[in-house]
Amino acid sequence: SKYRLDFTAYFFSFPGAFWGIGYRDATYNQAESYKRLQNQIKVDFMFRVSKDFYLGVSPSFSYIEGRDFSNIDYLRGQKTRYINTGLAAFLLYDSRDFIPNAWRGIYVKLEQRIFPGFFGNDGAFSRTEFQGNAYHRVWKGGVLAYDLHAMFNYGNTPWTMLSLLGGSYRMRGYYEGRYRDKRLIETQFELRQKIYRRHGIVGWIGGGQVWGTDRFRWGNTLCSFGCGYRFEFKNRMNIRLDYGWGNFGNQNLPWDRKRSSAFLFTASEAF
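These notes cover the structure that comes with them.

What counts and how
Residues numbered from 1 in each chain as written. Predicted model: local features only at pLDDT ≥ 70, side-chain atom pairs only at ≥ 80, totals over all residues. Heavy atoms only, no water. Helix = DSSP H or I, 4+ residues; strand = E, 2+ residues; numbered from the N terminus. Contact = heavy atoms within 4.5 Å. 1 Å grid on protein atoms, 1.4 Å probe; cavity = no way out; pocket = protein on both sides within 12 Å on 5 of 7 lines; lining within 4 Å. Points joined across faces, edges and corners; volume = space filled by probe spheres on them. Nonpolar A, V, L, I, M, F, W, Y, C, P; charged D, E, K, R; others polar. Polar contact = N/O pair within 3.5 Å; in protein donor to acceptor, adjacent residues only side chain to side chain. Buried < 20%, exposed > 50% of the residue type's maximum accessible area, 1.4 Å probe, protein only. Pairing = 2+ DSSP bridges. Phe/Tyr/Trp six-rings, centres within 6.5 Å; stacked < 30°, edge-to-face > 60°.

1. Considering the environment of A145
Reasoning step 1: Examined against the element boundaries, A145 turns out to sit in strand β7 (residues 142-155).
Reasoning step 2: Spatially, the C-alpha atom of A145 lies 5.8 Å from that of A134, the residues being eleven residues apart in sequence.
Reasoning step 3: Beyond its immediate stretch of four places on either side in the chain, A145 contacts A134, Y135, Q188, F189, E190, R192 and F271.

Rendered as structure tokens:
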């Protein structure tokens, strides 16, 4: 199609855990509790300029508030709630054969988003984000998928808008937001194999790091690996059951604090 429109909205409230800001806080601090309220809307409007190549704009709005912090000092003097309005321009190349579950093709998106003061933001900041995915059929029923993601924030970025490592899609096995900072880079390889009729399995390995509050150090790189089961409930649409593990490296920590794991269940592929 000549035009594409993607709309994303989140409205939720849940009890969460907060370790602070930066690599050192996330690694050495004990988890403290808080309640997170989040309302977020983002619209991507794009038009095709040539085969598989698009230009687009993207307005966004977010209201995020933290309540009932068991240790408010982890915020380092920042406010407990922020309202942020932004506008982005982006370039997109998408040659995937099937967006929800690609077997071949490439997806690349480069986005520059600004949050200026005259939009009502409490301090101006900006964000550059890159995502690159590639898919290749290696043998019958087997697909090798690759993902690279980077997010760099500049300026007075509030704690609510920092780059978050972990979750259901990347660096699976880490609690989303335990590691948060201005800059993030992460990558993963995943082998997907159909076994019998509607059943399949996957295995992945990945790595990532956040920095900005702390300096970038290769020794701070975090690892993620895991395996999963896939059930094809309709043609090329899978239910995903994953179990991921994380490794915090060689820090002088008790054994139970050097490992992280998570069980994930969704109705879509990770990427």
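2. Things to note about the layout of surface pockets
Reasoning step 1: Empty space within the second largest pocket amounts to approximately 270 Å³.
Reasoning step 2: Forming the boundary of the second largest pocket are 18 residues, of which N101, W103, G141, K194 and N238 lie nearest the centre.
Reasoning step 3: At the level of elements, β7, β10 (183-196), β11 (199-211) and β12 (222-234) are the ones that each hand at least two residues to the lining of the second largest pocket.
Reasoning step 4: In terms of residue count, β11 provides more of the lining of the second largest pocket than any other element does, four residues in total.
Reasoning step 5: Its residues assigned to classes, the lining of the second largest pocket shows four nonpolar, seven polar and seven charged.

3. Some words on the side chain of E232
Reasoning step 1: Here E232 is to be found in strand β12.
Reasoning step 2: A polar contact is formed between the side chain of E232 and the side chain of K194, at a distance of 3.1 Å.
Reasoning step 3: At a separation of 2.5 Å, a polar atom in the side chain of E232 contacts the main-chain amide nitrogen of R236.
Reasoning step 4: Each residue touching E232, except ones within four places of it in the same chain, is listed here: K194, R197, R198, M237 and N238.

4. Notes on unusual backbone geometry
Reasoning step 1: Positive phi values are uncommon outside glycine, yet R76 reaches one of about 55°.
Reasoning step 2: On the secondary structure map, R76 appears in the loop between β3 (53-67) and β4 (81-94).
Reasoning step 3: The class for R76 is partly exposed, based on a relative accessible area of 47%.
Reasoning step 4: Within the chain, M171 stands out as a residue other than glycine whose phi angle is a positive 45°.
Reasoning step 5: One can find M171 in the loop between β8 (163-165) and β9 (179-181).

5. A few points about the pairing of β4
Two faces, one strand: in a regular strand the side chains alternate between the faces of the sheet.
Reasoning step 1: Only one face of β4 is buried, namely the one carrying Y82, N84, G86, A88, F90, L92 and D94, since none of R81, I83, T85, L87, A89, L91 and Y93 on the opposite face is buried.
Reasoning step 2: Bridging between β3 and β4 involves 13 bridges; their strand directions are antiparallel. Across the sheet, residue S58 finds its bridge partner in β4, namely A88.
Reasoning step 3: The sheet contact formed by β4 and strand β5 (residues 105-115) spans eight bridges and is antiparallel. Bridge pairing links L87 to I114 in β5.

6. A short note on the packing of aromatic side chains
Reasoning step 1: If you walk through the whole model with that rule in mind, you get 22 aromatic pairs.
Reasoning step 2: Ring geometry for Y23 and Y179: centres 5.7 Å apart, planes at 45°, overall tilted. Placement of the pair is Y23 in helix α1 (residues 23-28) and Y179 in strand β9, with a sequence separation of 156 residues. Taken individually, Y23 and Y179 each receive the classification buried, so the pair is uniform in this respect.
Reasoning step 3: Ring centres of Y174 and Y179 lie 6.2 Å apart, and the angle between their planes is 90°; on these two criteria the pair is classed as edge-to-face. Of the two residues, Y174 and Y179, both sit in the buried class.
Reasoning step 4: Among the aromatic side chains, those forming a connected cluster through ring pairs are F18, Y34, F69, Y74 and W159.

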